[in-house]
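Structure at a glance
Here is what each chain is made of, one letter per residue.
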Amino acid sequence: MKKLWKNCHIATMQNGQYSSIEHAAMVTSGQHIHWIGTFEDLPADAYSETIDLNGAWVTPGLIDCHTHSVFGGNRSVEFEKRLQGVSYAEIAASGGGIASTVRATREASEQELLASALKRVRCLLKDGVTTIEIKSGYGLDYVNERKMLRVIRQIAETLPMTVRSTCLAAHALPPEYKDQSDAYIEHICNEMLPKLHQEGLVDAVDAFCEYLAFSPAQVERLFKTAQSLNLPIKLHAEQLSSLGGSSLAARYQALSADHLEFMTEDDVKAMAAAGTVAVLLPGAFYFLRETKYPPLESLHQHGVRIALSSDLNPGTSPALSLRLMMNMGSTLFRLTPEQTLAGVTTHAAYALGLQETHGTLETGKVADFIAWDIEHPSEIVYWLGGDLPKRIIQHGNEISI
Ligand code: NIG
Ligand code: FE
């Protein structure tokens with residue numbers, strides 16, 4: 001059953017560029033792209049359906065490769081405190097921050113967590129996101145991490161999206177392990193992660209490498225376990241200080257290191273050599289009123305792939321629009337709209353290890369694409385929020401939003 005999608009222009013995003021095809025057409029067969037090119041070159045064939053895209057610009061479905069979309073409660077009161085001058089680290093040290101979301105998440109039932117997460121993830125889907133990564137990390141014990149990861153799997157069953165789950169049990173120290181962070185890491189490595197993995201709930205492993213979370217030595221211990229379980233690695237690194245987490249991640253061939261405001265030139269070189277993707281999170285940068293910028297010039301110079309993501313979470317980035325993050329990526333980090341779009345398509349696919357199937361529009365890849373009612377692809381980055389008119393096609397089917 002082949003479908004013909006015609007009367008469009010296509011930004012395929014191959015090689016991290018628009019790589020545009022004007023006056024284009026695409027043929028999908030089931031869930032995949034069967035043919036893509038100019039309408040003029042369209043091979044004669046029989047189609048079960050022909051869809052007129054009315055001159056739209058087609059891009060790959062957007063990929064939000066770093067989110068914490070599942071959580072209980074929210075932290076708007078903490079936001080007010082921060083505006084009065086209390087810092088994120090001070091709030092964390094006084095029992096707020098991640099710990100307060102851990103309390104709310106532990107109290108919530110699986111159904112409650114699913115209902116609240118679906119509201120948020122639907123916003124991203126409506127914004128054009130067809131692939132999303134979601135982390136655990138607000139449970140911090142076996143029962144509650146499992147609860148979060150099960151909710152992530154249920155999101156995948158409920159919404160027409162590709163959903164990857166990441167175990168972030170090493171996000172913060174749970175109260176049960178106060179002053180025993182080594183013991184907590186051992187517990188994750190010996191008990192939690194192997195069990196959760198065995199239950200089929202984990203696609204990747206992440207940790208928060210930071211002075212207020214876990215040290216590089218502790219993260220390395222976790223990486224070794226992840227490697228022994230054949231699980232890909234990601235890392236929150238260099239967000240608030242420079243500990244060399246991103247170099248460590250590169251040494252372990254991590255898919256990505258994320259945040260990176262405080263990374264050094266040596267970290268950049270290590271990531272470039274390993275092909276580890278730099279995931280920048282302009283929402284967290286903005287929301288924490290960070291003043292230290294990730295080393296954009298050096299990342300470009302060394303050819304590190306740069307992905308962008310919402311970091312949707314209750315503490316540092318309550319972001320419900322990836323397009324708004326894209327605008328911030330361009331305005332704050334001076335990425336061109338083309339680089340920004342590459343950051344939420346092809347480079348984001350690499351950050352999830354999905355580059356063979358997702359992230360660009362090419363024959364054989366999954367037919368996830370957005371038909372935007374715009375004059376040029378830069379408009380996707382240009383408009384600030386709102387609901388940009390679009391049609392969303394996931395696995396070859398148009399979905400109603
Ligand atoms: O990506 N940096 C650590 N984790 C999240 C924030 C989590 C929270 O504050 O709830 C982040 O910024
Ligand atoms: Fe994060």
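Above this text is the structure in question.
The text that follows walks through the structure, step by step, so that each part is easy to find.

What counts and how
Residues numbered from 1 in each chain as written. Chains lettered and ligands numbered in written order. Predicted model: local features only at pLDDT ≥ 70, side-chain atom pairs only at ≥ 80, totals over all residues. Heavy atoms only, no water. Helix = DSSP H or I, 4+ residues; strand = E, 2+ residues; numbered from the N terminus. Rg over C-alpha atoms; globule rule 2.2 N^0.38 Å. Contact = heavy atoms within 4.5 Å. Areas by Shrake-Rupley, 256 points an atom, 1.4 Å probe, with all protein chains shown as cover. Pairing = 2+ DSSP bridges. Axes fitted to C-alpha atoms, helices over the stretch in contact; angles between N-to-C directions. Parallel < 35°, antiparallel > 145°, perpendicular 65-115°, else oblique. Left-handed = near helix turned anticlockwise from the far one by under 90°. Nonpolar A, V, L, I, M, F, W, Y, C, P; charged D, E, K, R; others polar. Donors = N, O, S within 2.8 Å, 3.2 Å for Na, K, Ca; no water. Buried < 20%, exposed > 50% of the residue type's maximum accessible area, 1.4 Å probe, protein only. Near = heavy atom within 4 Å. Polar contact = N/O pair within 3.5 Å; in protein donor to acceptor, adjacent residues only side chain to side chain. Expected span 1.5 Å × (residues − 1). Bend = angle between axes of the 7 residues up to and from the residue.

1. Topic: the overall build of the chain
Each helix and strand in the chain was counted, giving 15 helices and 15 strands. Since a compact globule built from 401 residues should have a radius of gyration of about 21 Å, the 21 Å found for the chain is in line with a globular shape. Counting only C-alpha atoms and orienting by the principal axes, one finds that the chain spans roughly 70 × 45 × 45 Å. A separation threshold of at least 6 residues defines the contact pool for the chain, and within that pool the share at least 24 residues apart is 70%. Of the roughly 15,800 Å² of accessible surface on the chain, 49% is carried by carbon and sulfur atoms.

2. Quick look at the sheet that holds strand β4 (residues 49-60)
Pairing is mixed in the open sheet, where 7 strands are placed in the order β3-β2-β1-β4-β13-β14-β15. Of all strands in the sheet, those with a lone pairing partner are β3 (32-38) and β15 (397-399), marking the two edges. Between one strand axis and the next, the sheet turns through 40° on average, direction left out of account. The pairing of β4 with strand β13 (residues 369-372) spans 4 bridges and is antiparallel. By the bridge assignment, Pro60 is partnered in β13 with Phe369.

3. Regarding the packing of helix α4 (residues 110-126) against helix α5 (residues 142-158)
Each pair of packed helices gets described by two things: the angle between the helix axes and the distance between those axes. Running from N to C, α4 and α5 cross one another at 50°; their axes reach a closest spacing of 10 Å. In this view, α4 runs oblique relative to α5, as classed from their interaxial angle. The element α4 and its partner α5 pack so that their crossing is right-handed. Residues Glu110, Leu113, Leu114, Ala117, Leu118, Val121 and Arg122 of α4 form the contact with α5, whose own contacting residues are Lys147, Arg150, Val151, Gln154, Ile155 and Thr158. Split by residue class, the contact of α4 with α5 holds 7 nonpolar, 2 polar and 4 charged.

4. Concerning the coordination of the iron ion (ligand 2)
For the iron ion (ligand 2), every protein donor is listed as His66 (NE2), His68 (NE2), His236 (NE2) and Asp311 (OD), and the spread of their distances is 2.1 to 2.4 Å. Spacing between the donor residues of the iron ion (ligand 2) along the chain follows H-x1-H-x167-H-x74-D. Exposure remark for His66: the relative accessible area of 0% places this residue in the buried category.

5. With respect to the site of ligand 1
If you check the shell around ligand 1, you find 15 residues, and the closest are Arg75, Tyr88, Tyr138, Gln239 and Thr316. In this structure, His68 approaches ligand 1 through a side-chain N or O atom, which is 3.3 Å from an oxygen atom. Relative to its unbound accessible area of 330 Å², ligand 1 is 100% covered by the protein chains. Here the residues of the shell around ligand 1 are counted per class, giving 4 nonpolar, 9 polar and 2 charged.

6. Some points on α4
An α-helix turns once per 3.6 residues; consequently, residues spaced three or four apart project the same way. A rise of 1.5 Å per residue sets the reference length of α4, with its 17 residues, at 24 Å; its end C-alpha atoms lie 24 Å apart and thus fit the reference within 8%. Looking one or two residues beyond α4, the residue adopting positive phi is Gly128, at roughly 115°.

7. Considerations on helix α6 (residues 181-198)
Relative to the 26 Å expected for 18 residues at 1.5 Å per residue, α6 spans 24 Å between its end C-alpha atoms, a close match to the ideal helical length. Of all the bends in α6, the greatest measures close to 45° and is centred on Ile188. Check the buried side of α6 and you find it contacts α5, β7 (162-170), β8 (204-209) and α7 (216-228). Following α6 by one or two positions, Gly200 has its phi on the positive side, about 75°.

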